[in-house]
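In case you want the letters, here they are:
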Amino acid sequence: MSDDASARLGLPYLAAGQMQKHVTLNEALTRLDALVQLAVVSRTRPDQPVVPEDGALYILPEGATGSVWALAAPGDLLRAEAGGWTVPAVPDGTVATVLDEPAVLIRAGGDWQPLGSLLGAVQGLNRLGLNATADAGNPFVARVNKALWTALEGGQGGDGDLRLTLNKEGPGDVLSLLFQSGWGGRAELGLIGDDALRLKVSPDGGSWSEAFVVDAVSGRVTFPRGAGRVEVTEFTASGSYDIPAWAAGVEAICVAGGGGGGAGATGPGATIRFGGGGGGAGGCHRGRWPVAARGGSLDVEVGPGGAGGVAAAGEDGGTSRVLDDGQVLLTATPGGAGARGDGGSGPGGAGGQGDGPANAGGGSRVSAPGEAGQGDAGPDGPGGGGGGGGLDAADTARDGGAGGAGAWLDIRADGGGGGAAAGAAGTDRPRPALHPAGGGGAGGAASAGADGHAGGSGGLYGAGGGGGGAGLSSGGIGGAGAAGVVWLVAIG
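What comes next is a walk through the structure.

Reading guide: rules and limits
Residues numbered from 1 in each chain as written. Predicted model: local features only at pLDDT ≥ 70, side-chain atom pairs only at ≥ 80, totals over all residues. Heavy atoms only, no water. Helix = DSSP H or I, 4+ residues; strand = E, 2+ residues; numbered from the N terminus. Buried < 20%, exposed > 50% of the residue type's maximum accessible area, 1.4 Å probe, protein only. Contact = heavy atoms within 4.5 Å. Lys, Arg positive; Asp, Glu negative; His and termini not counted. Charge placed at Lys NZ, Arg CZ, Asp CG, Glu CD. Core = buried A, V, L, I, M, F, W, Y, C linked by side-chain atoms within 4.5 Å. Pairing = 2+ DSSP bridges. Patch = residues over 30% accessible without salt bridge, like charges linked within 9 Å, V, L, I, M, F, W, Y side chains within 5 Å. Areas by Shrake-Rupley, 256 points an atom, 1.4 Å probe, with all protein chains shown as cover. Salt bridge = Lys/Arg side-chain N within 4 Å of Asp/Glu carboxyl O. Phe/Tyr/Trp six-rings, centres within 6.5 Å; stacked < 30°, edge-to-face > 60°. Lys NZ or Arg CZ within 6 Å of the ring centre and 35° of its normal. Axes fitted to C-alpha atoms, helices over the stretch in contact; angles between N-to-C directions.

### Describing the overall build of the protein chain
Scanning the protein chain from terminus to terminus reveals 1 helix and 22 strands. Dimensions of the protein chain along its principal axes, counting C-alpha atoms only, are 160 × 55 × 40 Å. When each of the 492 residues of the protein chain is scored for burial, the buried share is 40%. Long-range pairs, those at least 24 residues apart, make up 54% of the contacts in the protein chain between residues at least 6 apart in sequence. A distance of 4 Å separates the average location of the 29 positive side-chain charges in the protein chain from that of its 48 negative side-chain charges.

Encoded structure:
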């Protein structure tokens, strides 16, 4: 212990019998004025003020300039006093407030450090506001743009793990993370009123929908409003399909083009003349693949419908396919053309192939109305065209056959109705978003006094056209088959 100054702050002592005691006392008071409740103007200003405020304190940064500051060391405390500068000695443990930041520093190891670095354990706080004001309802508030929690590494005394534990008192209480937008709730995740993990979402903070629930006992996940994303793309012409990035799988439905109906026979009275056969329906084929096994895009080929025959057989429909980099993934073959009627027969066209045989077209008859196009042979695909009516040797005219129903066991698309006139067209799919198959066209009726009646066209998609009826002067024209279609369904 020095007899001249205090051990820690270096305050000079008054000596017994000292002359001009006020000088020593004033020096001690000046030192106390600098170090007690220490408030620093700045620790970053590099240039020495020309006319500093008396008593102003500065912590010098690196590279300080000025007649006095340049001679002092970085980290020194300088005090302006009476036009001059002094450098008070600052012991470890001194706390300083930096006014222009603000910041609170503490002297440790001969250097200035943030106060928090030496606080150690801080216990028993009732409220903490980080860049905000905490209150009784929100005792912890942080108003920041980024936050980071990182594990304490093994080399720093930790184990490298980071686990946040959130606890509620009992099953009936709430433990959740509430996500807001504009202070309105938009999502809530947690144990909300029980011990099952739940996610709820809201468009307005008032009405909420439960997205999923994870049962705490079984671990089973349920989706009260369904799960996954489905997007349907319909191709009515050939093209390319880019698989969405979000898709996990792709499902395809290929429907090939329907065959056209054949024209009815013609010839003199008192001879047998058959009507044209109905066109067969295009095949319907389904497939499904995981995206991981496919390329980034698929090529699609859509088969056209076959033209109806004019004094001839109809035309076959076209094949529909899905390909991946030239490799065929899925094929639906087309409906066959209805034959032209003659003196011996007027057979219908064969159905195409898909998941099974498609519906065939009906044949013509001279002893009864033309055969109906098939609808139940391929009950999930388009319908076949009806056969045209024929004329027997007594010139008895027969009605055309009805078109077969499309999607007979699904969302039914009725075939055209047969009768004593031109064949009616098959109906298009009644629920376009749910099923792609159409109904077959009806066959045209025969006519003993003039031209045979035309067959009806097939309904969208893939249905066969009806056969034309037989006639005295000319046979009825066959109905056109409907073009095919390809549906690609992305499933996420």
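That shown, we press on.
### Some remarks on the nonpolar core
In this structure, Tyr-241, Val-322, Val-486 and Leu-488 are the most contacted members of the largest nonpolar core, which totals 19 residues. For this core, the secondary-structure elements that each account for two or more residues are β17 (249-255), β19 (297-301), β21 (327-332) and β22 (485-491). Among the nonpolar cores identified, the runner-up in size contains 11 residues, and Val-40, Ile-59, Val-98 and Ala-103 belong to it.

### Describing the pairing of β21
Across 5 bridges, strand β20 (residues 320-324) lies against β21 in antiparallel orientation. Of the residues in β21, the one forming a bridge with Leu-323 is Val-328. As consecutive antiparallel partners, β20 and β21 are separated by 2 residues, and within that stretch Asp-325 has a phi angle of approximately 55 degrees, a positive value.

### A word on a nonpolar patch on the surface
Residues Leu-119, Val-122, Leu-125, Leu-128 and Phe-140 make up a contiguous nonpolar surface patch of about 500 Å² in total accessible area. Examined against the element boundaries, Phe-140 turns out to sit in strand β9 (residues 140-142). A relative accessible area of 53% places Phe-140 in the exposed class.

### Examining the packing of aromatic side chains
Under the criterion given, the structure shown has 5 aromatic pairs. Measuring from ring centre to ring centre gives 5.5 Å for Trp-69 and Trp-85, while their planes differ by 75 degrees; the resulting arrangement is edge-to-face. Taken as a pair, Trp-69 in the loop between β2 (57-59) and β3 (77-81) and Trp-85 in strand β4 (residues 84-86) lie far apart in primary sequence, 16 residues in all. Pair check on accessibility: Trp-69 and Trp-85 agree, each one buried. Summarising the aromatic geometry, the rings of Phe-212 and Phe-223 are spaced 6.5 Å apart at their centres and angled 65 degrees between planes, so their arrangement reads as edge-to-face. Highlighted residues: Phe-212 in strand β13 (residues 209-214) and Phe-223 in the loop between β14 (221-222) and β15 (230-235), separated in sequence by 11 residues. Judged by its relative accessible area of 21%, Phe-212 falls in the partly exposed class. Here the aromatic residues Tyr-58, Trp-69 and Trp-85 are joined through ring pairs into a cluster of three or more. Taking the ring centre of Trp-208 as reference, the NZ or CZ of Lys-200 above it sits at 5.3 Å.

### Observations regarding the pairing of strand β10 (residues 174-181)
In this structure, β10 lies alongside strand β11 (residues 184-192), joined through 8 bridges in antiparallel fashion. The residue bridging Phe-179 from the neighbouring strand is Ala-187, located in β11.

### Quick word on the sheet that holds β20
Read across the open sheet, the 4 strands follow the order β16-β19-β20-β21; overall the sheet is antiparallel. In this open sheet, the two strands that pair with only one neighbour each are β16 (239-242) and β21. With direction set aside, neighbouring strand axes in the sheet form an average angle of 20 degrees. Of the pairings in the sheet, the one linking β16 to β19 comprises 4 bridges and is antiparallel in character. Looking at β19, one finds that Ser-240 is bridged to Asp-299.

### A closer look at the sheet that holds strand β7 (residues 111-114)
Strand pairing in a sheet relies on backbone hydrogen bonds, with the paired strands running either antiparallel or parallel. An order of β1-β5-β6-β7 is seen for the 4 strands of this open sheet, with the pairing classed as mixed. Of all the strands in the sheet, the pair left with one neighbour each is β1 (38-40) and β7. Neighbour-to-neighbour, the strand axes of the sheet open up by a mean angle of 35 degrees, direction not taken into account. Pairing geometry for strand β6 (residues 103-108) and β7, over 4 bridges, is antiparallel. The residue of β7 that forms the bridge with Ile-106 is Gln-113.

### Digging into the environment of Gly-479
Along the polypeptide, Gly-479 turns up in the loop between β21 and β22. Overall, the relative accessible area of 3% leaves Gly-479 in the buried class. Considering only alpha carbons, one finds Gly-479 and Gly-466, 13 residues apart in sequence, at a separation of 4.9 Å. Look past the residues within four positions of Gly-479 in its chain and what remains in contact with it is Gly-260, Gly-261, Gly-308, Gly-455, Gly-456, Ser-457, Gly-465 and Gly-466.

### Observations concerning unusual backbone geometry
Note the cis peptide between Glu-101 and Pro-102, where omega equals -15 degrees. With respect to the helices and strands, Pro-102 occurs in the loop between β5 (95-98) and β6. Going from Leu-460 to Tyr-461, the amide bond is cis rather than trans, its omega being 0 degrees. Here Tyr-461 is to be found in the loop between β21 and β22. For Asp-395, which is not a glycine, the phi torsion comes out positive at approximately 60 degrees.

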